[in-house]
Amino acid sequence: MSSPNARGAGIASFVGTSIEWYDFYIYGTASALVFGRLFFPEASPAAGVMASFATFWVGFLARPLGGVVFGHLGDRIGRKRTLVATLLLMGGATTLVGVLPTYATAGVLAPVLLAALRLVQGIAVGGEWGGAVLIAAEHAGPKRIFYAAFAQQGSPAGSILATGMFALVSLMPDESFMSYGWRLPFLASAVLLVVGLVIRLRVEESPEFVRMREQREVAKLPVAEVFRSAWPLVLLGIGASGVGIASAYFTNTFILSWATTDLGIAKSTMLNVLLIVAVVQFVTQPIGAVLGQRMGAARFMLAVLGVLIVCTPVTFVMVGTGSPVLVTLGLALSIVFSGSSYAALAGFLAEAFPARVRYTGISLAYQLCGALIGGTTPMIAQALLESTGSIWPVVAQYLVIIVLTMACVAALRRRSAVAAEPVPASA
């Protein structure tokens, strides 16, 4: 049986990350649908999409900075207080995007402000993920893999909320949607922020951090200690996170843009497809957490990623038909396996780093992957599609990321810190 503290921490982790990822994902959706026209209107449609994706990438570039800053705070002052700060920062930035002037009213200042708020979003989510994983995992004792996955459920939940909101507002007449409808999902973040704060403030501090503080084992400068003694773990963690991060942006950003432009699928139809796919991920991903706990995270991840290699070309062929039914089935096929791997990733990374620098270590690994792989995914894919006129180079791009992820998971398993650090018997 799980302790009430473990369940409560898991639920709080899930709710908080759902809100944070909702905020992050609505920006990605808006990048594909509206930002090119509203903030870069003087560019051609293709160039406008690329410029929009560039501001999207800014958030990923800022994520390692957030990982360092909030990782330091999380390893120094505690997981709970740090998570409250990241939630406030993300909610505030996202709400402000909803009141930004567009290029038509503010000129070049509009995209500058848009990029600045995306930067703040990136810093916030850069600190959020590691703390949310640890507040759940460190309450869970030997069930770390399962409870760490509560934080991972926030990704599909946030995607469901974000896609659902845009699906609703896209039903508006196009003039109304482009005028003010796109702002509503961003303004809704203010309400979600209040809900998240109420839940997060009720969570107790991580028992492992409390123990370290009582025994005066807290690292004085966590980032320096990470780079001095755990940098190989960080490098391997970057690669091991590849599919977990990149898959969402192939689906929710690049494929959304490709489908609604080149393939001619209606915007509202494609948003409904992505909503169904997000629900599939939300339902099936917990199975990955259970199997990852039973089989071992690394072994399970390698198995499902091997299947994903076979599924990826099939997925892109089905999407390329332009049939909403086949697009849905193709994306659902892919997300079942990538989502299952993602479920086990959090606990896998948490087990790889020693407790005193764990927040900083997993945040750096995950967020550097976001900057190097996740944020560049839609830009590189769009560039490959534009330059070749074929989707197959994009398929090759995804396959390379899968193979890289598998290689790093296997190597990180061999270097895991678990053997050197005992796991508490109970939360």
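Only a predicted model underlies this, so the values are computations on that prediction, with no experimental measurement involved.

*Asks:* So what's going on with the packing of aromatic side chains? Which residues, and what values?
*Replies:* The tally for this structure, following the rule as stated, stands at 16 aromatic pairs. Between the aromatic rings of phenylalanine 14 and phenylalanine 282, the centroid separation amounts to 6.1 Å while the plane-to-plane angle is 45°, which identifies the pairing as tilted. Taken together, the positions of phenylalanine 14 in helix H1 (residues 4-39) and phenylalanine 282 in helix H15 (residues 267-295) put the pair 268 residues apart, joining distant regions of the chain. Residue phenylalanine 14 is classed as partly exposed on the basis of its relative accessible area, which comes to 22%. A relative accessible area of 30% places phenylalanine 282 in the partly exposed class.

*Asks:* Help me get a handle on the packing of helix H3 (residues 79-97) against helix H10 (residues 189-200), residues and values and all.
*Replies:* Close contact between H3 and H10 brings their axes to 9 Å; oriented N to C, the two are set at 175°. Judged by the angle between their axes, H3 and H10 are roughly antiparallel. Counted together, Lys80, Leu83, Val84, Thr86, Leu87, Leu88, Gly91, Thr94 and Thr95 of H3 and Ser189, Ala190, Leu193, Gly196, Leu197 and Arg200 of H10 form the full contact between these two elements. Grouping the amino acids of the contact of H3 with H10 by side-chain chemistry returns 7 nonpolar, 6 polar and 2 charged.

*Asks:* Give a detailed account of helix H7 (residues 154-169), specifying residues and quantitative values.
*Replies:* Helix length check: H7 (16 residues) gives 22 Å between terminal C-alpha atoms against 22 Å at 1.5 Å per residue, within 8%. With 12 of its 16 residues buried, H7 lies for the most part within the structure.

*Asks:* How would you sum up the nonpolar core? Please name residues and give values.
*Replies:* Residues Phe35, Phe166, Trp182, Met270 and Phe316 are the most contacted members of the largest nonpolar core, which totals 117 residues. In terms of residues, this core owes the most to one element, H1, which gives 15 residues. Core analysis: the next-biggest nonpolar cluster, separate from the first, contains 6 residues, Val15, Ile19, Leu87 and Leu197 among them.

*Asks:* Residue-level account of the confidence of the model for the chain, with values.
*Replies:* Summary statistics for the chain give a mean pLDDT of 87 and a share of 95% for residues scoring 70 or more. Of all secondary-structure elements in the chain, the lowest mean pLDDT belongs to helix H2 (residues 45-76), at 80, while helix H16 (residues 297-320) reaches the highest, 96. Counted against residues more than four places away or in other chains, residues 417-427, with its pLDDT under 50, gives 22 contacts.

*Asks:* Requested: an account of the environment of alanine 332, with residues and values cited.
*Replies:* Of note, alanine 332 is situated in helix H17 (residues 324-352). Among all residues touching alanine 332, those that are not within four sequence positions of it are Val277 and Val280.

*Asks:* Which residues make up the side chain of serine 155, and what values do they have?
*Replies:* Along the chain, the position of serine 155 falls in helix H7. Judged by its relative accessible area of 5%, serine 155 is buried. Here tyrosine 25 takes part through its side chain, which lies 2.6 Å from a polar atom of the side chain of serine 155. Every residue in contact with serine 155, bar those within four places of it in the chain, is listed here: Trp21, Tyr25 and Tyr342.

*Asks:* Report on helix H6 (residues 144-152), specifying residues and quantitative values.
*Replies:* Within H6, 7 of the 9 residues are buried, which leaves it mostly tucked inside the rest of the structure. Within H6, burial applies to Arg144, Ile145, Tyr147, Ala148, Ala149, Ala151 and Gln152.

*Asks:* With reference to specific residues and values, describe the side chain of serine 241.
*Replies:* Checked against the element boundaries, serine 241 lands in the loop between helix H13 (231-240) and helix H14 (242-260). Serine 241 sits in the buried class, given a relative accessible area of 0%. Setting aside anything within four residues of it in sequence, one finds serine 241 in contact with Leu345, Leu349, Tyr366 and Cys369.

Parameters and conventions
Residues numbered from 1 in each chain as written. Predicted model: local features only at pLDDT ≥ 70, side-chain atom pairs only at ≥ 80, totals over all residues. Heavy atoms only, no water. Phe/Tyr/Trp six-rings, centres within 6.5 Å; stacked < 30°, edge-to-face > 60°. Helix = DSSP H or I, 4+ residues; strand = E, 2+ residues; numbered from the N terminus. Buried < 20%, exposed > 50% of the residue type's maximum accessible area, 1.4 Å probe, protein only. Axes fitted to C-alpha atoms, helices over the stretch in contact; angles between N-to-C directions. Parallel < 35°, antiparallel > 145°, perpendicular 65-115°, else oblique. Contact = heavy atoms within 4.5 Å. Nonpolar A, V, L, I, M, F, W, Y, C, P; charged D, E, K, R; others polar. Expected span 1.5 Å × (residues − 1). Core = buried A, V, L, I, M, F, W, Y, C linked by side-chain atoms within 4.5 Å. pLDDT = per-residue confidence, 0-100. Polar contact = N/O pair within 3.5 Å; in protein donor to acceptor, adjacent residues only side chain to side chain.

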